[in-house]
Amino acid sequence: MFRVKNNKLEVLLVQPGGPFFAHKDDGAWTIPKGEAAPGEDLLARAQIEFEEELGIKPSGNWIGLGSIKQKGGKTVYAWAFEDNLPEPFKLKSNTFEMEWPPRSGKLKEFPEIDRAEFFTEEVARRKINPAQTPFLDRLRAALNHNQQK
């Protein structure tokens, strides 16, 4: 999701939930994402994941941003759309369970996403997982191309 505010591009990023991301900031934020089943429509899956992670149904004109490969080998496909979070916005993310503390034998539930914020393009480049930076470049190129039409 992106918006233009005060003539500046802003993109929505999310901070993964759970104890491993609790004290991380720069380089730890991401686009909302999830895993698709083999043969599943990737745009449809992206829309479902967005809704599951933020609690709002996305809609708009979708801009394909292609794919990237993250450090761990995961391929991420992305689309962008222009919109804004509803006012007031309350994050409603799915949850996951994991053993915490490690080797305690105790399962604890955490939100998949614990924060969602719009950042200016400049700040987003610092906050986003470095492997996902090409998505920001592609969005900027697509928006510049559409302005020239």
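Scroll up a little and you will see the structure.
The following paragraphs examine the structure supplied in this document. (Residues numbered from 1 in each chain as written. Predicted model: local features only at pLDDT ≥ 70, side-chain atom pairs only at ≥ 80, totals over all residues. Heavy atoms only, no water.)

Here's the deal with the pattern of salt bridges
Then comes step 1: By the definition in use, this model includes 11 salt bridges.
Then comes step 2: In this structure, the salt-bridge partner of D26 is K127, at a minimum N-O distance of 3.6 Å. Residue D26 is found in the loop between strand 2 (8-16) and helix 1 (42-54), and its partner K127 is found in helix 2 (residues 121-127); the two are separated by 101 residues along the sequence.
Then comes step 3: Exposure remark for D26: the relative accessible area of 45% places this residue in the partly exposed category.
Then comes step 4: By relative accessible area, K127 is classed as buried at 10%.
Then comes step 5: R115 is the partner of E117 in a salt bridge, and the nearest nitrogen-oxygen pair spans 2.5 Å.
Then comes step 6: Exposure remark for E117: the relative accessible area of 28% places this residue in the partly exposed category.
Then comes step 7: Taking relative accessible area as the criterion, R115 reaches 37% and is therefore assigned partly exposed. (Salt bridge = Lys/Arg side-chain N within 4 Å of Asp/Glu carboxyl O. Helix = DSSP H or I, 4+ residues; strand = E, 2+ residues; numbered from the N terminus. Buried < 20%, exposed > 50% of the residue type's maximum accessible area, 1.4 Å probe, protein only.)

Some words on the sheet that holds strand 7 (residues 113-120)
Then comes step 1: Across the sheet, which stays open at both edges, the three strands sit in the order 1-2-7 with antiparallel pairing between neighbours. The open sheet has two free edges, formed respectively by strand 1 (2-5) and strand 7, since each of these has just one partner strand. Put simply, the sheet's adjacent strands are angled 30° from each other on average, direction ignored.
Then comes step 2: Two elements, strand 2 and strand 7, share seven bridges in a ladder whose sense is antiparallel. Residue pairing across strands places L13 opposite E117, the latter belonging to strand 7.
Then comes step 3: Docked against the sheet, helix 1 engages strand 2 and strand 7, running at close to 70° with respect to strand 2. (Pairing = 2+ DSSP bridges. Axes fitted to C-alpha atoms, helices over the stretch in contact; angles between N-to-C directions. Contact = heavy atoms within 4.5 Å.)

On their own, these measurements won't tell you what the molecule is for.
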